[in-house]
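# A structural walkthrough
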Amino acid sequence: MLSFLDWGSSFRSRKVSNKEKDGDTGWPPSFPQSQLAYVLAAGPARERLGALLLDQERLQLATRLPESENLDDWIVLHCIDFLNLLNLLYGLVYEHACTSESCPRMTAGPAYEFLWQCADRRGAESLPASRYIELVLAWAEQELGSLTNGATNRKLCRKLTQRFHRIFAHLYHHHLAELLEMGALPHLNTSYLHFYFFVKEFQLVHSKDLEPMRDLIQLLLA
Ligand SMILES: [Zn+2]
C-alpha cells in the first residue's frame, strides 16, 4: 500500500489528461475523488486525521458569548477571525496546489459542487476552485470592512459562514495531502472545529450545508 506521503506526492504530480480536459470522460477524474474520504476509509493517515492544538471543550467555550459582549459584535468579530484564518490556510495551497487544472471546479469531493452566484443575478456559474475562493475572500473582506461599529447584519454573517464552510470543505476534500505534509493539519482541524462550534452555537450554517463534512465532524467530536 502507498504511504500517505507517497500518495500525496502522486496526487500533486498528477496531470489532468487531454481527454479529461476536452471533457470526454467528464468530471470527476478517476484518481481519489476526495482525499478526505480516502483517509477516512482507513487510509494510512487516518490516525493523524483528528489531531488538534486545543481540546474540544476549550474550543467550544471560546465561542460562547461573554455576558458583557454584544451578540452581533461577537458574531462579526468571529467572522473577521475566520476570514483571516482562511486567508492563511488557503494561502498554503494557493497557486502551487489549487490551480484551475488540479481543481477545475469548486467541489467538496464528487458529490458537491458550489456555484458562484453572479452579482447581476444572471444565474450561478461553475468556476475553478481557486477563482471561487478568491472571489469569496475578496467579497468577505469588502463586506466586513464596510460594516460600521455596532452594525447588525446577521443575514450577511449567515452567508459569509456558509461560504467559509465551503472553503474548509474544499481544503479537506482536495488538499489534505499537501496540508498534512506541511504539518498544517492540526491547525486546520483546530480552526475548523472552532468554526463548527461557532456556527452551531449561533445557528449560522444550515445542517444540510454541513453535510460534506459530516464524517469528519463525527471523527473530530469522537
Ligand atoms: Zn483546490
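Structure report, in brief. This one's a predicted model, so the numbers in the text were calculated from it and none came from an experiment. (Residues numbered from 1 in each chain as written. Predicted model: local features only at pLDDT ≥ 70, side-chain atom pairs only at ≥ 80, totals over all residues.)

### Section: the overall build of the protein
Spelled out, the test is: Helix and strand labels come from DSSP, where a helix needs a run of H or I of at least four residues and a strand needs a run of E of at least two; each type is numbered from the N terminus. Three exposure classes are used, all based on how many other C-beta atoms lie within 10 Å of a residue's own C-beta (placed from the backbone): buried at 20 or more, exposed at 12 or fewer, and partly exposed between those limits.
In terms of helices and strands, the protein carries 10 helices and two strands. Put simply, the protein runs from its N terminus to its C terminus through helices and strands in the order α-α-α-α-α-β-β-α-α-α-α-α. A buried classification covers 32% of the 222 residues belonging to the protein.

### Remarks on the nonpolar core
Heads up, the rule is: A set of buried Ala, Val, Leu, Ile, Met, Phe, Trp, Tyr and Cys residues, joined through C-beta atoms within 7 Å, is what we mean by a nonpolar core.
Residues Ile-167, Phe-168, Leu-171, Tyr-172 and Phe-195 are the most contacted members of the largest nonpolar core, which totals 45 residues. Elements supplying a minimum of two residues to this core: helix H3 (35-40), helix H5 (71-91), helix H6 (129-146), helix H7 (154-174), helix H8 (176-181) and helix H9 (185-201). With eight residues, H7 is the largest single contributor of residues to this core.

### Concerning H6
As a reminder of what qualifies: Expected span of a helix, by definition, is 1.5 Å for each gap between consecutive residues, and there is one gap fewer than residues. Arc definition: it is the arc formed by the directions from the helix axis to the C-beta atoms.
With 18 residues, H6 extends 26 Å from end C-alpha to end C-alpha; this agrees with the ideal 26 Å at 1.5 Å per step. Within the span of H6, buried status applies to Ala-129, Ser-130, Tyr-132, Ile-133, Val-136 and Ala-140. Buried residues of H6, seen end-on, are gathered within an arc of 160° and therefore sit on one face of the element. Of the exposed residues in H6, those oriented more than 90 degrees away from the buried face are Ala-138, Gln-142, Gly-145 and Ser-146.

### Re the environment of Leu-59
Applicable threshold: Any two residues are considered in contact once their C-beta atoms, placed from the backbone, lie within 7 Å.
As for its position among the elements, Leu-59 is in helix H4 (residues 56-63). What makes Leu-59 buried here is the crowd of 22 C-beta atoms within 10 Å. Distance from Leu-59 to His-194, taken between C-alpha atoms, is 5.3 Å for residues 135 residues apart in sequence. If we skip the residues at most four places from it in the chain, Leu-59 touches Leu-54, Thr-190, Leu-193, His-194 and Phe-197.

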